[in-house]
Amino acid sequence: MTDDISRRRMLKAAGATLGAAAFARAVAPLAQVAEATSMEELLTQHYKELSADDKRRLIARLESETEHRYGAVVTIRDIEARAGVQFAYALNLSVCIGCRRCADACHQENNHDRRTNQSYIRVLEMEQGSMDMERGTVHYDHTVPAPGKFYMPVQCQQCENPPCTHVCPVEATWQEADGIVVVDYNWCIGCRYCEAACPYHARRFNWTAPEIPAEEINPDQGLLSNRIRPQGVVEKCTFCLHRTRNGRLPACLEACPTGARVFGDLNDPASEVRYVLENKRVFVLKEELGLKPQFF
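Residues numbered from 1 in each chain as written. Predicted model: local features only at pLDDT ≥ 70, side-chain atom pairs only at ≥ 80, totals over all residues. Heavy atoms only, no water.

To continue, consider the overall build of the chain. Helix and strand content of the chain: 10 helices and 10 strands. Sorting the 296 residues of the chain into buried and exposed places 52% on the buried side. The long-range share in the chain, meaning contacts at least 24 apart out of those at least 6 apart in sequence, stands at 66%. As displayed, the chain has an accessible area near 14,300 Å², and 50% of this comes from carbon and sulfur atoms. (Helix = DSSP H or I, 4+ residues; strand = E, 2+ residues; numbered from the N terminus. Buried < 20%, exposed > 50% of the residue type's maximum accessible area, 1.4 Å probe, protein only. Contact = heavy atoms within 4.5 Å. Areas by Shrake-Rupley, 256 points an atom, 1.4 Å probe, with all protein chains shown as cover.)

Here the focus is the pairing of strand S4 (residues 149-154). For a regular strand, side chains alternate in direction, first toward one face of the sheet and then toward the other. Among the 6 residues that make up S4, 5 are buried, leaving the element largely enclosed by the rest of the structure. Bridging between strand S3 (residues 122-127) and S4 involves 6 bridges; their strand directions are antiparallel. Paired with Glu 125 across the two strands is Tyr 151, which belongs to S4. (Pairing = 2+ DSSP bridges.)

On to the pairing of strand S10 (residues 261-265), then. Most of S10 sits inside the fold, with 5 of its 5 residues counted as buried. Inspection of the sheet shows strand S2 (residues 87-91) paired to S10 by 5 bridges, in the antiparallel sense. Directly across from Ala 90, in S10, lies its bridge partner Val 262.

The tally for this structure, following the rule as stated, stands at 0 disulfides. Of the cysteine sulfurs around Cys 194, a residue in no disulfide, the closest is that of Cys 188, at 6.3 Å. Of all cysteine sulfurs in the structure, the one in Cys 156 sits closest to Cys 237, which takes part in no disulfide; the separation is 5.5 Å. (Disulfide = S-S within 2.5 Å.)

The next subject is the packing of aromatic side chains. One pass over the full model with this rule turns up 8 aromatic pairs. Taking 5.5 Å as the distance between ring centres and 55° as the angle between the ring planes, the aromatic pair formed by Tyr 140 and Tyr 151 counts as tilted. Note that Tyr 140 is positioned in the loop between S3 and S4 and Tyr 151 in strand S4, a separation of 11 residues in sequence. A relative accessible area of 5% means that Tyr 140 is categorised as buried. Here the aromatic cluster, defined as three or more aromatic residues joined through ring pairs, consists of Phe 87, Tyr 89, Phe 239, Phe 263 and Phe 295. The ring of Phe 205 carries the charged tip of Arg 192 above its face, separated from the ring centre by 5.3 Å. (Phe/Tyr/Trp six-rings, centres within 6.5 Å; stacked < 30°, edge-to-face > 60°. Lys NZ or Arg CZ within 6 Å of the ring centre and 35° of its normal.)

Another aspect to go through is the environment of Asp 184. As for its position among the elements, Asp 184 is in the loop between strand S6 (181-183) and helix H7 (193-197). C-alpha of Asp 184 to C-alpha of Leu 224: the two residues are 40 residues apart in sequence and 6.4 Å apart in space. Each residue touching Asp 184, except ones within four places of it in the same chain, is listed here: Gln 45, His 46, Tyr 47, Ala 172, Trp 174 and Leu 224. Side-chain polar atoms of Asp 184 contact the backbone nitrogen of Tyr 47, separated by 2.7 Å. (Polar contact = N/O pair within 3.5 Å; in protein donor to acceptor, adjacent residues only side chain to side chain.)

Looking now at the nonpolar core. Ranked by size, the top nonpolar core spans 53 residues in total, and within it Met 152, Tyr 200 and Phe 239 carry the most contacts. Every element with two or more residues in this core is listed here: helix H4 (52-70), S2, helix H5 (101-109), S3, S4 and helix H9 (251-255). If near-sequence neighbours (up to four positions away) are discounted, Tyr 200 is found in contact with Arg 122, Val 154, Gln 155, Gln 157, Cys 159, Leu 285, Lys 286, Leu 291 and Pro 293. (Core = buried A, V, L, I, M, F, W, Y, C linked by side-chain atoms within 4.5 Å.)

A few words now on unusual backbone geometry. With an omega dihedral of -5°, the bond running from Val 144 to Pro 145 counts as a cis peptide bond. As for its placement among the helices and strands, Pro 145 is situated in the loop between S3 and S4. Located in the positive-phi region is Phe 239, a residue other than glycine, with phi close to 55°. A positive phi angle, near 50°, is found at Cys 240, a position not held by glycine. On the secondary structure map, Cys 240 appears in the loop between strand S9 (234-236) and helix H8 (241-244).

Okay, the pattern of salt bridges next. Two side chains that carry opposite charge are able to pair once their charged atoms sit near each other. Tallying each qualifying case throughout the model produces 17 salt bridges. The partner of Asp 178 in a salt bridge is Arg 245, with the nearest N and O atoms 2.7 Å apart. Of this pair, Asp 178 sits in the loop between strand S5 (173-175) and S6 while Arg 245 sits in the loop between H8 and H9, placing them 67 residues apart in sequence. For the pair Asp 178 and Arg 245, a shared accessibility class is recorded, and that class is buried. Arg 229 is the salt-bridge partner of Glu 235, the closest N and O atoms lying 2.7 Å from each other. (Salt bridge = Lys/Arg side-chain N within 4 Å of Asp/Glu carboxyl O.)

Let us look at the side chain of Gln 155. Within the element layout of this structure, Gln 155 appears in the loop between S4 and helix H6 (163-167). By relative accessible area, Gln 155 is classed as buried at 2%. Of note is the side chain of Gln 155, whose polar atom sits 3.1 Å from the side chain of Arg 261. With residues near it in sequence (within four places) discarded, Gln 155 still touches Tyr 89, Tyr 120, Ile 121, Tyr 200, Ala 202, Cys 237, Cys 252, Arg 261 and Phe 295.

Looking at the element boundaries, Arg 101 is found in helix H5. Accessibility expressed as a relative area gives 49% for Arg 101, which makes it partly exposed. Residues Arg 101 and Ala 251, 150 residues apart in the sequence, show an inter-C-alpha distance of 10.0 Å. Look past the residues within four positions of Arg 101 in its chain and what remains in contact with it is Ala 255 and Pro 257.

And the structure:
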C-alpha cells in the first residue's frame with residue numbers, strides 16, 4: 001500500500017461485497033498506512049450505535065481535525081429531533097424572482113466547497129405555462145425576473161417515503177422522527193446509489209476534499225448537517241437541522257428577499273406552513289411517484 005490510500009478508498013473498494021463495518025474490521029491492522037486516517041476514524045461505529053460518550057469523543061476529534069486542516073475553531077453539536085414535530089417547507093412560485101440568494105445562503109451556511117460553488121438548491125428558470133422540469137435551466141445569466149419566465153427552486157423534498165434511504169447498502173442514510181432525511185458521513189461509502197435513486201437531483205457527491213478559507217467557515221455546525229464533509233461521501237439538504245431544531249429558520253428562507261419561502265411544523269395548527277396548506281392552492285413535484293414530499 002502507498003500513502004495515498006485513504007479510508008474512503010478502502011471502504012469503497014470493499015463495500016460492494018463485505019459492507020463497510022465488516023471491511024473496516026478486516027483492514028484495521030493496516031490503518032497506520034492510510035493517509036490522514038486514525039484508528040478511531042477507521043473503527044467509528046454507525047451513528048445509531050454510538051453512546052453519548054462515543055459521540056462526545058467523535059465530536060471532539062472532528063472539531064480538532066477541522067482546526068488542524070482548515071485553521072478554524074468550530075463547535076459541532078448533535079441536535080436530536082424534537083418529539084411530535086413534523087417539519088415541512090412551502091414555496092410561493094408566484095413571488096420567487098430567481099435571484100438565487102437562497103442557493104448562495106445554502107452555500108455559505110452549509111460549508112460547501114468554495115471552488116465548485118456547490119449548493120443544495122438548484123433554481124430552475126421555467127417557461128410560463130409549463131411544469132416540465134426537463135426544459136428548465138439552472139444556467140441563466142441575465143436580469144431576473146425575465147419576461148415569460150418563472151422560477152422554481154428545487155432541493156431535497158424530505159420525502160415521507162424516501163427512495164434514497166431504501167437503496168443504501170450500508171444504511172448510512174435514514175429518515176428521522178421530524179421527517180428530515182440525514183446522512184452519517186462517517187459511515188457513507190460513496191457508492192452513490194442514493195444519488196441515483198433521488199428523482200429530484202437533491203444529493204451531492206464530494207469528488208474532492210472541500211476547499212474553504214478559514215474565515216468563511218460557518219463555525220455553528222451539526223454532526224448530521226453542515227459540518228465539513230470529507231471527500232468521497234454523499235451529502236444533502238437537512239432543512240438546516242442545526243438551526244431549525246433549535247427554533248431558528250433555514251438559512252435559505254432568511255435570505256429570500258421576497259418572502260417566497262415558508263417553513264414550520266405541520267403538527268402545529270398555528271404554524272404558517274399549516275395555514276398555507278389549508279388555505280392556498282398547493283402541489284408537490286412528481287406527485288405521481290408516490291414519495292409524499294414534505295416540500296410544497
